[in-house]
Amino acid sequence: QRWKVDDVVDAFAVHGVNGLWGILALGLFGNPEENIGGNGSLYGGNQLQAQLGASAVIILWVSAWSMVLFYPLHHFGLLRLSDNFQDQGADFMEHSPAKAYHEA
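Note that this is a predicted model, so its numbers are computed, not measured.

Student: How would you sum up the overall build of the chain? Please name residues and give values.
Tutor: When you go through the chain residue by residue, the secondary structure sums to five helices and zero strands. Secondary structure elements in the chain, listed N-terminal to C-terminal, are α-α-α-α-α. The C-alpha atoms of the chain give 21 Å as radius of gyration, which overshoots the globular expectation for 104 residues (13 Å, by more than 25%). Principal-axis analysis of the C-alpha atoms gives the chain an extent of 60 × 40 × 25 Å. Counting the 104 residues in the chain, one finds 12% classified as buried.

Laid out in structure tokens, this is it:
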């Protein structure tokens, strides 16, 4: 809420944070003895440096493309649904609840 981000499905928490953890975990836990390309710092390797660098590149890339895509949508008022649409709910407005839900 502090950054005024409306992420109702927690896409950033699921994909962003967990994806970043997956990148960094290889730099920590990659075991060279398993012959799958790991060289983690817990096994004396230096893979964490490469993973941190790759993470920074990914964050910059995603941030840049997000601004390129979302700023024009926000500027022209196309980023959010209308207040009426949100009040009624996407299920009611788009997904034909009479067919999707059975009244008990």
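Student: Residue-level account of the confidence of the model for the chain, with values.
Tutor: Taken over all residues, the pLDDT of the chain has a mean of 86, while the share at 70 or more is 90%. Within the chain, helix H2 (residues 47–75) carries the highest mean pLDDT (95), whereas helix H5 (residues 97–100) carries the lowest (63).

Student: Would you mind going over the side chain of Asn 31 in detail, with residue names and values included?
Tutor: Within the secondary structure, Asn 31 is located in the loop between helix H1 (11–29) and H2. Aside from chain neighbours lying at most four places away, what touches Asn 31 is Gly 38 and Tyr 43.

Student: Explain the packing of H1 against H2 residue by residue, including any values.
Tutor: One can describe the packing of H1 onto H2 by two numbers: an axis separation of 7 Å at closest approach and a directional angle of 165°. The angle between the axes of H1 and H2 places the two elements in the roughly antiparallel class. Our pair here, H1 against H2, has a crossing hand that is right-handed. Of the residues in H2, those touching H1 at Leu 20, Ile 23, Leu 24, Leu 26, Gly 27 and Leu 28 are Gln 47, Leu 48, Gln 51, Leu 52, Ser 55, Ile 58 and Ile 59.

Student: I'd like a rundown of a nonpolar patch on the surface, residues and numbers included.
Tutor: The grouping of Ile 58, Trp 61, Val 62, Trp 65, Val 68, Leu 69, Phe 70, Leu 73, Phe 76, Leu 78 and Leu 79 at the surface amounts to a nonpolar patch, some 1,200 Å² of accessible area in total. Within the secondary structure layout, Leu 79 lies in the loop between H2 and helix H3 (83–88). For Leu 79, a relative accessible area of 41% gives the class partly exposed.

Student: So what's going on with H2? Residues and values would help.
Tutor: Residues that lie three or four places apart on an α-helix share one face, since the helix turns once every 3.6 residues. An ideal rise of 1.5 Å per residue puts 42 Å on 29 residues; H2 measures up with 42 Å between its terminal C-alpha atoms. At Met 67, H2 shows its strongest bend, of approximately 25°. Burial in H2 covers these residues: Gln 47, Gln 51 and Ser 55. In this structure, the buried side of H2 is in contact with H1. Among the residues trailing H2, Gly 77 stands out with phi positive, at a value near 75°.

Here is what the cut-offs are and how they apply
Residues numbered from 1 in each chain as written. Predicted model: local features only at pLDDT ≥ 70, side-chain atom pairs only at ≥ 80, totals over all residues. Heavy atoms only, no water. Helix = DSSP H or I, 4+ residues; strand = E, 2+ residues; numbered from the N terminus. Rg over C-alpha atoms; globule rule 2.2 N^0.38 Å. Buried < 20%, exposed > 50% of the residue type's maximum accessible area, 1.4 Å probe, protein only. pLDDT = per-residue confidence, 0-100. Contact = heavy atoms within 4.5 Å. Axes fitted to C-alpha atoms, helices over the stretch in contact; angles between N-to-C directions. Parallel < 35°, antiparallel > 145°, perpendicular 65-115°, else oblique. Left-handed = near helix turned anticlockwise from the far one by under 90°. Patch = residues over 30% accessible without salt bridge, like charges linked within 9 Å, V, L, I, M, F, W, Y side chains within 5 Å. Areas by Shrake-Rupley, 256 points an atom, 1.4 Å probe, with all protein chains shown as cover. Salt bridge = Lys/Arg side-chain N within 4 Å of Asp/Glu carboxyl O. Expected span 1.5 Å × (residues − 1). Bend = angle between axes of the 7 residues up to and from the residue.

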